[in-house]
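# Reading the structure
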Amino acid sequence: HAMKSPELAARRKKEMQEAAGIFGIVYENLDNHDGELMPTIENRKAVIRLICDWEADIVIVHRPNDYHPDHRYASALVQDAAYMISVPLMVPEGKPLLKAPVFLYHADDFKKPNPFTPDIVIDITPAVDKKVEAIYAHESQMFEWLPWNEGILETIPKDKPGRKKFLIDRYMVDTKGKFEKAALNWYTPQQLKNALYFEAFEICEYGKMPDKKEILALFPMLPR
């Protein structure tokens, strides 16, 4: 809220790479301006290219009903790409991805036109510290922009332990109440005895519809 676009974009990219380093993963940024993403043919082809280049097994995106236009259009772009990755004339060098990925929506609280369905639920309690570290890396978003936008900037702790607690309280604590019941489709009650935090996904019908065996292969942290 207090920085010019080029300066902020450079800062956000630096934060993104710091988060990537915490997880040991690679980000590729497509440089769309904030609030200006559109579901164009060019952007669709860019998404198709990435999915095909990565030979993706899993693609995760927002659900189509979301408050932010960039989130809605990112969802539309991924959904539009879901089938087109198999069409030779639509993919780079005419090499379609015939092994369809599983397309997943990450969790949200929007209720209309339909609420989120937790098809896959994972106990992330053992990894929650690393997740919080990665979220923490996005300082301009977590501790500046969103609090300012919501009118709570003055309440944000200044120290790192306080800020980590703020993130857990804000983003993690309620996942137990939301998803513990659905987690019983994947865990026994005994296995969930010490579970505090969950990650949940809804399967998008436009991609591969995996059975339980295939889901267990894609998510090896789930119990057998």
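Summary of the structure given here. (Residues numbered from 1 in each chain as written. Predicted model: local features only at pLDDT ≥ 70, side-chain atom pairs only at ≥ 80, totals over all residues. Heavy atoms only, no water.)

To continue, consider helix α5 (residues 139-150). In an α-helix, one turn spans 3.6 residues; hence positions three or four apart end up facing the same way. Compared with an ideal rise of 1.5 Å per residue, which puts 12 residues at 16 Å, α5 spans 16 Å between its outermost C-alpha atoms and is within 8% of the ideal. Burial in α5 covers these residues: Ser140, Met142, Phe143, Leu146 and Pro147. In this structure, the buried residues of α5 make contact with α1 (5-23), α4 (128-136) and α6 (160-172). Two residues or fewer past α5, Gly151 is found with a positive phi of approximately 75 degrees. (Helix = DSSP H or I, 4+ residues; strand = E, 2+ residues; numbered from the N terminus. Expected span 1.5 Å × (residues − 1). Buried < 20%, exposed > 50% of the residue type's maximum accessible area, 1.4 Å probe, protein only. Contact = heavy atoms within 4.5 Å.)

Moving on, we come to the packing of aromatic side chains. Any pair of aromatic rings gets described here by the distance separating the centres and the angle formed by the planes. In total, this model carries six aromatic pairs according to the counting rule given. Centroid distance Tyr67 to Phe110: 6.3 Å. Interplanar angle 35 degrees. Geometry classified as tilted. Taken as a pair, Tyr67 in the loop between β1 (58-61) and α3 (69-84) and Phe110 in the loop between β2 (102-106) and β3 (120-123) lie far apart in primary sequence, 43 residues in all. For Phe110, a relative accessible area of 29% gives the class partly exposed. (Phe/Tyr/Trp six-rings, centres within 6.5 Å; stacked < 30°, edge-to-face > 60°.)

Counted according to the given criterion, the structure contains zero disulfides. With no disulfide partner, Cys52 has as its closest neighbouring cysteine sulfur the one in Cys204, 16 Å distant. You can call Cys52 buried: its relative accessible area is 12%. By relative accessible area, which is 4% here, Cys204 ends up buried. (Disulfide = S-S within 2.5 Å.)

With that settled, the discussion passes to the nonpolar core. Counting 35 residues, the largest nonpolar core has Ile120, Val121, Ile122, Leu167, Trp186, Phe219 and Leu222 as its most contacted members. Going through the elements one at a time, β2, β3, α4, α5, α6, α7 (175-183), β4 (198-203) and α8 (212-218) are the ones with two or more residues in this core. If we ignore the near neighbours within four places in the chain, the residues touching Val121 are Phe179, Ala182, Ala183, Trp186, Tyr187, Phe198, Glu199, Ala200 and Leu222. Counting 18 residues, the second-largest nonpolar core is a separate cluster that includes Ile51, Leu77, Ala81 and Ala82. (Core = buried A, V, L, I, M, F, W, Y, C linked by side-chain atoms within 4.5 Å.)

Bringing α3 into the picture now. Over its 16 residues, α3 runs 23 Å from end to end, which matches the ideal 22 Å to within 8%, given 1.5 Å per residue. Of all the residues in α3, the buried ones are Asp70, Ser75, Leu77, Val78, Gln79, Ala81 and Ala82. The secondary structure elements touched by the buried residues of α3 are α2 (41-54), β1 and β2.

Here we take up the pairing of β2. Of all five residues making up β2, four are buried, and the element is well covered by its neighbours. Pairing of β1 with β2 involves four bridges; the strand directions are parallel. Each bridged residue has a counterpart across the sheet, and for Ile60 the counterpart in β2 is Leu104. Chirality of the crossover, the property in question, places the unit of β1, α3 and β2 among those that are right-handed. Here β2 runs beside β4; their pairing, made up of three bridges, is antiparallel. The partner of Tyr105 across the bridge, within β4, is Glu202. (Pairing = 2+ DSSP bridges. Right-handed = clockwise from strand over helix to strand, strands pointing away.)

Moving on, we come to the side chain of Arg63. Looking at where Arg63 falls in the secondary structure, it is placed in the loop between β1 and α3. Polar side-chain contacts of Arg63 include one of 2.7 Å to the side chain of Asp108. Only 3.4 Å separates the side chain of Arg63 from the backbone oxygen of Pro115, close enough to count as a polar contact. Not counting residues within four places of it along the chain, the set of residues in contact with Arg63 comprises Ser75, Tyr105, His106, Asp108, Phe110, Asn114, Pro115, Phe116 and Glu202. (Polar contact = N/O pair within 3.5 Å; in protein donor to acceptor, adjacent residues only side chain to side chain.)

Let us look at the layout of surface pockets. Size it by volume and the second largest pocket reaches roughly 150 Å³. Taken together, Cys52, Asp53, Glu55, Pro92, Glu93, Lys95, Pro96 and Leu97 form the lining of the second largest pocket. Per-class residue counts for the lining of the second largest pocket are four nonpolar, no polar and four charged. (1 Å grid on protein atoms, 1.4 Å probe; cavity = no way out; pocket = protein on both sides within 12 Å on 5 of 7 lines; lining within 4 Å. Points joined across faces, edges and corners; volume = space filled by probe spheres on them. Nonpolar A, V, L, I, M, F, W, Y, C, P; charged D, E, K, R; others polar.)

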